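# Chains, contacts and geometry: an overview
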Amino acid sequence: MAVIVASVIPEKDYENQIKLISKKLDDFHFIPEFRMDLWTNNQKDSIEKYMKIVDDYSLPNIFTFRTEELSIADEIYKIPLNHENSILDIDISIISRNSINYPQNRTILSSHFSNPLEFRNRFEKLAKYGKVAIKLASTFDSENILDILWYVKHTDGERILSIVPQGNENQSLRIVSALTVSDFIYSSFDKPVIAGQYSMELLFKILEMIY
Ligand SMILES: O=C1C[C@@](O)(C(=O)O)C[C@@H](O)[C@@H]1O
């Protein structure tokens, strides 16, 4: 069964939030993804404090900071590098330009795009990064997404993958993706970070019904 990743927007009272996440981990199988870029307090010092508490709870987690600024990415991603429980989610456009050496076994490469014709090309190019986890988030219409799932199922046997259909109209395709090609699949933790995410609890129930 695909692992559920729950996107968390850090809150002001983050100590309590982290505590709550660690309690919920006992009831649901999920990994929190900290969307540090969406935190109103997303400065280096605060992020360091945040990650220190995450460490105190030994929380396995995915650390995401979306930015197009290379220097900011370099500075911020050094923080989770020192936390062994963190997997680093980094956009492909940054990783190909920046100076940090990302550990293959702790990196998710993300690629978001909106043109189905680009898909096959991009997917092939990602292969050169070896067996890192690859996530492709897409906003296409449902027929194109289903065609992509079919293509991925028949071409890729090795990589750890997540194909993430986006938009409310594609919500149910997240389930199809979890059942066919995705090793991990995204939900919200308490509020969606993007249209089309199920809540973690509902996604868990749906997958549990099926398996
Ligand atoms: O890239 C993704 C996928 C996502 O955007 C989604 O559609 O669920 C949620 C993000 O937090 C995550 O980093």
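Scroll up to find the structure this text is about.
Parameters and conventions
Residues numbered from 1 in each chain as written. Predicted model: local features only at pLDDT ≥ 70, side-chain atom pairs only at ≥ 80, totals over all residues. Heavy atoms only, no water. Helix = DSSP H or I, 4+ residues; strand = E, 2+ residues; numbered from the N terminus. Buried < 20%, exposed > 50% of the residue type's maximum accessible area, 1.4 Å probe, protein only. Polar contact = N/O pair within 3.5 Å; in protein donor to acceptor, adjacent residues only side chain to side chain. Contact = heavy atoms within 4.5 Å. Pairing = 2+ DSSP bridges. Axes fitted to C-alpha atoms, helices over the stretch in contact; angles between N-to-C directions. Near = heavy atom within 4 Å. Areas by Shrake-Rupley, 256 points an atom, 1.4 Å probe, with all protein chains shown as cover. Nonpolar A, V, L, I, M, F, W, Y, C, P; charged D, E, K, R; others polar. Salt bridge = Lys/Arg side-chain N within 4 Å of Asp/Glu carboxyl O.

To continue, consider the side chain of Gln17. The topology assignment puts Gln17 in helix 1 (residues 14–24). Given the relative accessible area of 4%, Gln17 is considered buried. Within the structure, the side chain of Gln17 is placed 3.0 Å from the backbone nitrogen of Glu11, a separation counted as a polar contact. With near-sequence residues (within four places) excluded, Gln17 lies in contact with Val8, Ile9, Pro10, Glu11, Tyr50 and Asp190.

With that settled, consider unusual backbone geometry. Despite not being glycine, Ser58 has its phi angle at roughly 45°, a positive value. Examined against the element boundaries, Ser58 turns out to sit in the loop between helix 2 (44–56) and strand 3 (61–64). Classification of Ser58 by relative accessible area gives partly exposed; the value is 49%.

Our focus in this paragraph is the sheet that holds strand 8 (residues 184–188). Read across the sheet, eight strands follow the order 7-6-5-4-3-2-1-8 without closing on themselves; strand pairing throughout is parallel. Each having just a single partner strand, strand 7 (161–165) and strand 8 make up the two edges of the open sheet. For this sheet, the mean angle separating the axes of adjacent strands, direction not counted, is 25°. Across six bridges, the pairing between strand 5 (residues 107–113) and strand 6 (residues 133–138) is parallel. Pairing of Ser110 across the sheet is with Lys135, part of strand 6. In the packing of helix 2 onto the sheet, the strands contacted are strand 1 (3–8), strand 2 (30–35), strand 3 and strand 4 (86–91), and the crossing angle to strand 3 comes to about 170°. Sheet strands touched by helix 3 (residues 70–81): strand 3 and strand 4. Its angle to strand 4, the strand with the most contacts, is close to 160°.

In the neighbourhood of the ligand, 13 residues make up the surrounding shell, with Glu33, Lys135, Gln166, Arg174 and Gln197 lying closest. One nitrogen or oxygen atom from the side chain of Ser7 is found 3.1 Å from an oxygen atom belonging to the ligand. Between an oxygen atom of the ligand and a side-chain N or O atom of Gln166, the distance comes to 2.8 Å. For the ligand, whose accessible area on its own is 320 Å², the fraction buried by protein is 98%. The residue inventory of the shell around the ligand, partitioned by class, reads four nonpolar, four polar and five charged.

In terms of residue burial, strand 7 counts as a mostly covered element, since five of its five residues are buried. Judged by which residues are buried, strand 7 turns out to be covered on both faces: Leu161, Ile163 and Pro165 on one side and Ser162 and Val164 on the other are all buried. Relative to strand 7, strand 6 runs parallel, the two sharing five bridges. Paired with Leu136 across the strands is Ile163, a residue of strand 7.

Turning our attention to the pattern of salt bridges. In total, this model carries six salt bridges according to the counting rule given. We note a salt bridge from Asp37 to Arg35, for which the minimum N-O separation is 2.8 Å. Here Asp37 and Arg35 have matching classes, each one buried. The shortest N-O distance in the salt bridge between Asp89 and Arg66 comes to 3.1 Å. Of this pair, Asp89 sits in strand 4 while Arg66 sits in the loop between strand 3 and helix 3, and the two are 23 residues apart along the sequence. On the basis of relative accessibility, which here comes to 0%, the residue Asp89 falls in the buried class. Salt bridges linked by common partners bring Arg66, Asp89 and Lys135 together as one network.

Shape is all these values report; function is a separate question.
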